[in-house]
Amino acid sequence: MRILSFSCRNFRNLEELSVSDFDEMNVICGENAQGKTNMLEGLWLFTGMKSFRGAKDSEYVFFGREKSDLKLSFVSGGIKNDAGLEITARRQAALNGKKLKAVSELAGKFNAAVFSPSDSEIVGGGPSLRRKFIDSAIGQIYPAYISLIKNYTRAVTQRNSIIKDYKNDGSLSVMLDVFENEIASGAQKIIKFRRRYIEKIKNFLPDIYGGISSGKERLDAEYILSYEGDNLADVLKQTRIRDMYTGSTSAGPHRDDIEFKINGIPARSFGSQGQKRSVALALKLCEAEIIKNVSGEYPVFLLDDVMSELDPERQSYILNHIKGIQAFITCCDPSNIQNLKQGKIINIKNGQVV
Ligand SMILES: Nc1ncnc2c1ncn2[C@@H]1O[C@H](COP(=O)(O)OP(=O)(O)OP(=O)(O)O)[C@@H](O)[C@H]1O
Ligand SMILES: [Mg+2]
């Protein structure tokens, strides 16, 4: 996947912006609040997904204007594509001159992976963020996994809704059996997918994390089950009395976790800021490798403010060793890109390229 040109009008503070002749590595430079992240966001919206900043459609339009227009030319599978987005209170997309019924139809046509500073939370935050990361990474390559998760979540919700009443009504036991068997069979499949994905990640980690840390650190990933034993249905039967009081289901993939260890030490509790950021970035790079293995092509990489908190060696790895992947990196501090050997620098000031 490679972007050839991007232009937009009245998109956030980018009143009129047009950039072409992109390189493999593209650095978007400028002071705070000039429009760097806005440009990345503009590129990202062509994936057909919601913004990585959680914005509403109406927030994209330049204050006081009627609509935003964005255009993107990109090459995918050797073929040039022209996509357009028109944003008012909602988004409308067109691809190669044809209006699409829904923006989500752009998904899979233009692929991008985005990294923003909050992604370090995948390493330092609660387990739900790690589950969200792995589930969305798996869902991107195996859409069937998304319905697997949906069905599983529904079965857990159903169990939760009756477990409280089990206190007063023992006859609910039969229904609990049904839901618990459903939970257990879904869990088995979900855990298999997740473990397989972690194995895939682990294939790439020595190269990628070794590269980021200049061979000084070794990163390991392990899937942590929320229960002991092989049979989740049996486990759930045993936890009924406890769950009855909380109205929740205390074991299953919705409570599992992933542990990352740097040189054998848990990164969540002991990792430094820069290490957490490096791990999160390594995971995104692994994700890109896995997408490439499945689809034959790397996604475009959008890296927001990744340079701060990283030492010059780590910065240099990002700038010079992400090979074969087109990347767009925002950066406020010119000294962070002194080590850039080859690439395009786009300077943005007050929403304009200067
Ligand atoms: N709909 C909008 N219309 C006009 N301006 C907007 C709109 N939405 C956001 N902005 C402005 O865009 C400016 C630049 O935002 P952006 O997040 O791109 O900055 P940045 O260059 O990434 O800065 P930083 O280095 O601090 O991350 C902000 O000051 C914001 O007020
Ligand atoms: Mg920014």
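For the structure, see preceding data.
Computed from a predicted structure; not experimentally measured.

### Quick look at the pattern of salt bridges
Next, step 1: Per the stated rule, a full pass over the model turns up 24 salt bridges.
Next, step 2: For Arg240, the salt bridge identified is with Asp177, shortest N-O distance 2.8 Å. You can see Arg240 sitting in helix α6 (residues 232-246) and its partner Asp177 sitting in helix α5 (residues 173-212), a full 63 residues away along the chain.
Next, step 3: Under the relative-accessibility criterion, Asp177 is labelled partly exposed at 26%.
Next, step 4: Of the charged contacts, one joins Asp220 and Lys202 as a salt bridge, the two residues approaching to 4.0 Å between their closest N and O atoms. Residue Asp220 is found in strand β9 (residues 219-224), and its partner Lys202 is found in helix α5; the two are separated by 18 residues along the sequence.
Next, step 5: In this structure Asp220 comes out as partly exposed when scored by relative accessible area, which is 31%.

### Some words on the pairing of strand β8 (residues 112-115)
Next, step 1: Residues Ala112 and Val114 point to one face of β8 and Ala113 and Phe115 to the other, with burial holding for every one of them.
Next, step 2: Judged from the 4 bridges that link them, β8 and strand β12 (residues 300-303) form a sheet pairing that is parallel. Bridge pairing in β12 links Phe115 to Leu303.

### Examining the packing of aromatic side chains
Next, step 1: Going through the model one piece at a time under the given rule, you end up with 6 aromatic pairs.
Next, step 2: Among the aromatic residues, those joined into a cluster by ring pairs are Tyr142, Tyr145 and Phe193.
Next, step 3: Between Arg196 and the ring centre of Phe193, over which it is positioned, the NZ or CZ distance is 5.5 Å.

### Some points on unusual backbone geometry
Next, step 1: Although it is not a glycine, Asn10 adopts a positive phi angle of roughly 55°.
Next, step 2: The topology assignment puts Asn10 in strand β1 (residues 2-11).
Next, step 3: Despite not being glycine, Ser214 has its phi angle at roughly 50°, a positive value.

### Points about the sheet that holds β1
Next, step 1: Taken in spatial order, the 6 strands of this open sheet run β2-β1-β4-β5-β6-β7, and their pairing is antiparallel. Strands at the two margins of the open sheet, each flanked by one partner only, are β2 (14-20) and β7 (98-99).
Next, step 2: Alignment of strand β4 (residues 68-76) against strand β5 (residues 79-87), held across 9 bridges, turns out to be antiparallel. Note on β5: the bridge partner recorded for Ser68 is Ile87.
Next, step 3: Together, β1, β2 and β4 form the strand contacts of helix α1 (residues 36-44), whose direction differs from that of β1 by roughly 115°.

### Regarding α5
An α-helical turn contains 3.6 residues, so any two residues separated by three or four positions project in the same direction.
Next, step 1: Within α5, the axis deviates most sharply at Leu205, by approximately 50°, and proline Pro206 lies no more than four positions further along.
Next, step 2: Of the residues trailing α5, Ser214 is marked for its positive phi of about 50°.

### Quick look at α6
Next, step 1: At Arg240, α6 shows its strongest bend, of approximately 60°.
Next, step 2: Along α6, the residues that are buried comprise Leu232, Ala233, Val235, Leu236, Thr239, Arg240, Asp243 and Met244.
Next, step 3: Its buried side turned inward, α6 meets α4 (143-163) and α5.
Next, step 4: Backbone nitrogen of Ala233 and a side-chain oxygen of the N-cap are separated by 3.0 Å at the start of α6; the cap is Asn231.

### As for the site of ligand 1
Next, step 1: Among the 17 residues in the neighbourhood of ligand 1, the closest are listed as Ala33, Lys36, Thr37, Asn38 and Val61.
Next, step 2: Gln34 places a main-chain nitrogen or oxygen 3.1 Å from an oxygen atom of ligand 1.
Next, step 3: In the model, a nitrogen atom of ligand 1 is placed 2.8 Å from a nitrogen or oxygen of the Val61 main chain.
Next, step 4: Relative to its free-state accessible area of 660 Å², ligand 1 is covered by the protein chains to the extent of 75%.
Next, step 5: Per-class residue counts for the shell around ligand 1 are 6 nonpolar, 6 polar and 5 charged.

### Considering the layout of surface pockets
Next, step 1: Looking at the largest pocket, its volume works out to about 1,400 Å³.
Next, step 2: As for the largest pocket, its lining consists of 40 residues, of which Trp44, Met49, Ser136, Gln140 and Glu287 are closest to the centre.
Next, step 3: Elements with a minimum of two residues in the lining of the largest pocket: β8, α2 (121-124), α3 (127-141), α4 and α8 (273-295).
Next, step 4: It is α3 that provides the largest number of residues to the lining of the largest pocket, a total of 8 residues.
Next, step 5: Here the lining of the largest pocket is built from residues that sort into 18 nonpolar, 13 polar and 9 charged.
Next, step 6: A domain-level breakdown of the lining of the largest pocket finds at least three residues from each of domain 1 (2-111 + 299-353) and domain 2 (122-269).
Next, step 7: Here the second largest pocket defines a volume of roughly 270 Å³.

Rules and cut-offs
Residues numbered from 1 in each chain as written. Chains lettered and ligands numbered in written order. Predicted model: local features only at pLDDT ≥ 70, side-chain atom pairs only at ≥ 80, totals over all residues. Heavy atoms only, no water. Salt bridge = Lys/Arg side-chain N within 4 Å of Asp/Glu carboxyl O. Helix = DSSP H or I, 4+ residues; strand = E, 2+ residues; numbered from the N terminus. Buried < 20%, exposed > 50% of the residue type's maximum accessible area, 1.4 Å probe, protein only. Pairing = 2+ DSSP bridges. Phe/Tyr/Trp six-rings, centres within 6.5 Å; stacked < 30°, edge-to-face > 60°. Lys NZ or Arg CZ within 6 Å of the ring centre and 35° of its normal. Contact = heavy atoms within 4.5 Å. Axes fitted to C-alpha atoms, helices over the stretch in contact; angles between N-to-C directions. Bend = angle between axes of the 7 residues up to and from the residue. Polar contact = N/O pair within 3.5 Å; in protein donor to acceptor, adjacent residues only side chain to side chain. Near = heavy atom within 4 Å. Areas by Shrake-Rupley, 256 points an atom, 1.4 Å probe, with all protein chains shown as cover. Nonpolar A, V, L, I, M, F, W, Y, C, P; charged D, E, K, R; others polar. 1 Å grid on protein atoms, 1.4 Å probe; cavity = no way out; pocket = protein on both sides within 12 Å on 5 of 7 lines; lining within 4 Å. Points joined across faces, edges and corners; volume = space filled by probe spheres on them. Domains from an automatic or database assignment.

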